[in-house]
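Residue-level structure breakdown
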Amino acid sequence: CQSSVDTNVGGQYLASHSYLTQWKGETDAKEGHYRYFLQNLALNRFTQCFFVADKCESAEIFDTLAKQALENLEVEIAVRSYQLAKNVGMVMAIQAFKHETEKMILMGYVAAILHHHDMAQDFFLKSSKPMLALEMRCDLQDWLIALKLAKNISQDREPYICKQLAIQIETQGSHVEALKMFEKALIEGPNAGMTKTEIKSHNTQCSAGIARTSIKKGDVARGFAQAMKLTESALIIECAQVCESMKQWDEAAELFEKGGWTEKAFSIYIKRDKTDKIGDISRITSPKLLKELAKAKMKQRRYKDAEEAFIRAGAWEDVIDLNLNHLENPEKAKEILRTKAQTQSSAELLANYSKNKSAFKEAIEFYIMAGKTEEAFLLAQSNDEMETYSHFIIERDDKNVEEHLKIAQFYEGKDEWGKSAKHYDKHGNFNKALKLYMKAGDQYIENAIDMVGRAKNDNLTHLLVDYLMGDIDGVAKEPHYTFKLYIALGNLKQAAKIAVTIAAQEQELGNYKYAHDILFDVQKLLSAKEMHIPFDLQQRFALIHSYVIVKRLVKMGSHELAARLLNRICKNISQFPAHTVPILTSTVIECTRANMKGSAYRWSCMLFKPENRGNIEEKFKKKIERIVKKPVKEDEIEEAKSPCPYCQTHIPETELYCVHCNNNLPFCLASGKHMILDDWSKCDESGFPAIYYEYKKVLENSPTCPMCENETLPTNIRKVVDPQAELQRLKPGKSTQEEGAGDEEEDQEEDPFNN
């Protein structure tokens, strides 16, 4: 019978589905998202997995989803998941085949990128494109499997795969098998899969492989012959390196040279003592290799070849050693030391050589260059070559006071006072140096003056003054020494006074050039210190300079200007006692040429005075006598005039004093005329003024400045920008006598000669 009892049928979810109904959606916890994802993944519910994976916030979740989706050929889900996992490589790989419609090919690609290569190969072989299996194996470099596949799929690819397999086997050390594969890989005729160029390149690589493996397995002759047929440098070098590793040096060297690695080849030739194979050494650029070659040549006693290699290497010390000890050419060694290799070791080599040859001067020089000053000093001391030693010590290090002291003491011991004094001076012992200078005599006075000027020591100054005045040895020295002392001490006012005195003495003796130079130098010094030139110095200098430039003006044919300057000189003829008659005679001649008859008559009369008549040259005497006998009544021709630079009043060109403004005027160094403002130039060297037109005319005749005597091109002179400033700069000061009277007390304090 049937029971009437009501029964309820109950159910329970499987464990694989337990959380699918409990998932709370976006509000669920992270752990809940993760459980929901795993259960859906296990059930291959990829859409739900993708939806919840974003909530898990993990790239690994997307990567796992993508992989499983790909295994199930859910390509779109896989691509989107890999994109969110930031796996660009997989995205690009899938994009390449995602539109493939043939299932076997698609499954082959999927298996390949998931690293199931055998499975992928099976899928590709079952597809309509079995070549994909071969390409995959080639991409994986599974050359052995690829070779088996090629026999059935594409025999045209077999040579290429054989070559690649041979290379792989060669790297594994199976040289015999590799050789067989390289030989098998050679293509004899045309190949449908390769162009002629590709076949040629392929066969070249195979030939190189045959050469390498032949050498490695011991058949060096065959391998070397095969390598020598190659034309590609890289392949030849590979064969050379194999020969080198097998210690087949001769073959390696030839192959390195053929491959363009000449220095590597030459290095092997040198080590094998086969330097003749190198030939022209200009092909070697490495200094290290050149030195090795030179040493090899020396072992062969081929010293000239060794020298050439050392020179190319810049190994000058070795060149010096070679010339001293093998080539017997010490002069070349010395020249190299002085010009190219001033090293201490090189210098010591030459020093020892020179000492052994008794060439003591050179030995001393080279010991000093080598820093062996003690050896040099002892050698100089024992061979009376202290002058040589001192010369090179000063040349090397003039500030080494200890060396100067040693030299000074040596000379003092030999009573050579002047030489000793020079080195005491360098040592800084000025007091002793001065005493020795004075003891040495007049020839060292200028050295003493120079030292005292540098020392600026009152005691030294007064001691030297006593010596110059004769208070020490009873013999007063020449005034020009006093002048030089004032210059050295910087007392230019006193120097100017002495200069005027000396110039006057020299002028009386007829030494006009020397007098000119002294006054010129003093004026330059005063101008440099922006001091006014004393009036009497300027006047004397103007007279002497006029005398100096007359001869030049006569040669230029400027007879009137020459006559005017000679007139200036004759008015002060008492300052030229040594040449009174010649100067008066020249003046008469030039005045006659310039038709200045009145002046010619006046100076002729002076010439015929009893004290002068007997000294007139015979060839001029009658002519001058005729001038004297015919007094000139007509007026002198009028001299051209130009404006005074101070007041602009026109006065005679050669007049150096303006009666209108009572100013002494600066003169032109080229013409002796007074300066004019609108044509003012100057000598760049000396700063002395010149009238631009006159200066240019003189330089065009002879490009030597009449004042400083330096070469000066007429195109280089320029008018000054501010002639008024130049005029004020040249305005004369008081005479030296007036300055002395006005500054008597100051002079008494400053002038050591008054103490």
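Scroll up to find the structure this text is about.
Cut-offs applied
- For every chain, the first residue of its written sequence is number 1, and the numbers climb from 1 along that sequence.
- Given that this is a predicted model, residues contribute local features only at a pLDDT of at least 70 and side-chain atom pairs are listed and counted only at 80 or more, while totals for whole chains, interfaces and linings are drawn from all residues.
- By convention in this description, side-chain values take in all heavy atoms of the structure and omit both hydrogens and water.
- A pairing counts as a salt bridge when a side-chain nitrogen of Lys or Arg comes within 4 Å of a carboxyl oxygen of Asp or Glu.
- Numbered from the N terminus, helices here are DSSP runs of H or I no shorter than four residues, and strands are runs of E no shorter than two.
- We call a residue buried when its accessible area falls under 20% of the maximum for its residue type, exposed when it is over 50%, and partly exposed in between, using a 1.4 Å probe and counting protein chains only.
- The pocket and cavity definitions rest on a 1 Å grid over protein atoms only: a 1.4 Å probe that fits but cannot leave marks a cavity, an open set with protein on both sides within 12 Å along at least five of seven lines marks a pocket, and residues lining either have an atom within 4 Å of a point.
- Grid points are joined across faces, edges and corners, and a volume is the space filled by probe spheres set on the points.
- Polar here means any residue other than Ala, Val, Leu, Ile, Met, Phe, Trp, Tyr, Cys and Pro, which are nonpolar, and Asp, Glu, Lys and Arg, which are charged; Gly is therefore polar.
- Residues count as neighbours in contact if any of their non-hydrogen atoms are within 4.5 Å of one another.
- Distance and chemistry together define a polar contact, namely a pair of N or O atoms within 3.5 Å, with one atom able to donate a hydrogen and the other to accept it when in protein, and with adjacent residues in sequence counting only for side-chain atoms on both sides.
- Fitting a line to C-alpha atoms yields each axis, with helices limited to the stretch in contact; the angle taken between N-to-C directions then spans 0 to 180 degrees.
- Working rule for angles: under 35 degrees goes down as roughly parallel, over 145 as roughly antiparallel, 65 to 115 as roughly perpendicular, anything else as oblique.
- Rotating anticlockwise by less than a right angle from the far helix to the near helix defines a left-handed crossing, while the corresponding clockwise rotation defines a right-handed one.
- Only rings of Phe, Tyr and Trp enter the pairing, Trp through its six-membered ring, and a pair is recorded when the two centres are within 6.5 Å. The plane angle decides the type: under 30 degrees is stacked, over 60 is edge-to-face, the rest tilted.
- Geometrically, a charge over a ring is one whose NZ (Lys) or CZ (Arg) sits within 6 Å of the ring centre while staying within 35 degrees of the ring normal.

So, the pattern of salt bridges
- Per the stated rule, a full pass over the model turns up 39 salt bridges.
- A salt bridge links Glu-183 to Arg-222; the nearest nitrogen and oxygen atoms lie 2.8 Å apart. Taken together, the positions of Glu-183 in helix H11 (residues 175-185) and Arg-222 in helix H13 (residues 220-228) put the pair 39 residues apart, joining distant regions of the chain.
- For Arg-222, a relative accessible area of 32% translates into the label partly exposed.
- Ionic pairing is found between Asp-250 and Arg-272, a salt bridge with its closest N-O pair at 3.4 Å. One end of the pair, Asp-250, is in helix H15 (residues 249-258); the other, Arg-272, is in the loop between helix H16 (262-271) and helix H17 (287-299), with 22 residues separating them in the sequence.
- Among the residues examined, Asp-250 registers a relative accessible area of 24% and is labelled partly exposed.
- On the accessibility criterion, Arg-272 (39% relative accessible area) is partly exposed.

Points about empty space enclosed by the protein
- All chains considered together, the criterion is met by 2 cavities of 30 Å³ or more.
- One number sums up the size of the largest cavity: a volume of about 50 Å³.
- Taken together, Gln-538, Gln-539, Ala-542, Leu-656, Asn-664, Leu-665, Pro-666 and Phe-667 make up the full set of residues lining the largest cavity.
- Sorting elements by how many residues they give to the lining of the largest cavity places helix H33 (residues 535-556) first, with 3 residues.
- Tallied by class, residues from the lining of the largest cavity come to 5 nonpolar, 3 polar and no charged.
- Roughly 40 Å³ of internal volume is contained in the second largest cavity.

Focus: the environment of Glu-387
- With respect to the helices and strands, Glu-387 occurs in helix H24 (residues 386-396).
- Accessibility expressed as a relative area gives 45% for Glu-387, which makes it partly exposed.
- Separated by 26 residues in sequence, Glu-387 and Lys-361 have C-alpha atoms that sit 9.4 Å apart.
- Apart from the residues within four sequence positions on either side, Glu-387 is in contact with Tyr-411 and Lys-419.
- Within polar-contact distance, the side chain of Glu-387 engages the side chain of Lys-419 at 3.3 Å.

Examining the packing of H16 against H17
- Between H16 and H17, whose axes approach to 10 Å, the crossing angle comes to 25°. Relative to H17, H16 is oriented roughly parallel. The handedness of the crossing between H16 and H17 is left-handed. Counted together, Glu-263, Phe-266, Ser-267 and Ile-270 of H16 and Leu-289, Glu-292, Leu-293 and Ala-296 of H17 form the full contact between these two elements.
- When its residues are assigned to classes, the contact of H16 with H17 shows 5 nonpolar, 1 polar and 2 charged.

A closer look at the packing of aromatic side chains
- Scanning the model with the defined rule gives 14 aromatic pairs in all.
- Aromatic pair Tyr-109 and Phe-124: ring centres 5.4 Å apart, planes at 80°, arrangement edge-to-face. Of this pair, Tyr-109 sits in helix H6 (residues 103-113) while Phe-124 sits in helix H7 (residues 117-126), and the two are 15 residues apart along the sequence.
- Look at Tyr-109 and you get partly exposed, because its relative accessible area is 26%.
- According to the relative accessible area criterion, Phe-124 is buried, its value standing at 2%.
- Linked through ring pairs, Phe-520, Phe-541, Phe-667 and Phe-688 together constitute an aromatic cluster.
- Positioned above the aromatic ring of Trp-417, the side-chain terminus of Lys-439 is 3.9 Å from the ring centre.
- Above the face of the Tyr-467 ring, Lys-477 is positioned so that its terminal group lies 4.2 Å from the ring centre.

Considering helix H30 (residues 479-489)
- Considered for burial, the residues of H30 that qualify are His-480, Tyr-481, Thr-482, Phe-483, Leu-485 and Tyr-486.
- Looking at the buried residues of H30, the elements they touch are helix H28 (445-455), helix H29 (458-469), helix H31 (492-509) and helix H32 (512-528).

Side note on unusual backbone geometry
- Phi is positive for His-115, which is not a glycine, with a value near 70°.
- Looking at the element boundaries, His-115 is found in the loop between H6 and H7.

Some details on the packing of helix H12 (residues 196-216) against H13
- For the pair H12 and H13, interaxial distance at closest approach is 7 Å and the crossing angle is 155°. The angle between H12 and H13 falls in the class roughly antiparallel. Note on packing geometry: the crossing formed by H12 with H13 is left-handed. Contact residues: H12 offers Ser-207, Ile-210, Ala-211, Ser-214 and Ile-215, while H13 offers Val-220, Arg-222, Gly-223, Phe-224, Gln-226 and Ala-227.
- Looking at side-chain class alone, the contact of H12 with H13 contains 6 nonpolar, 4 polar and 1 charged residues.

These values are about where atoms sit, not about what they do.
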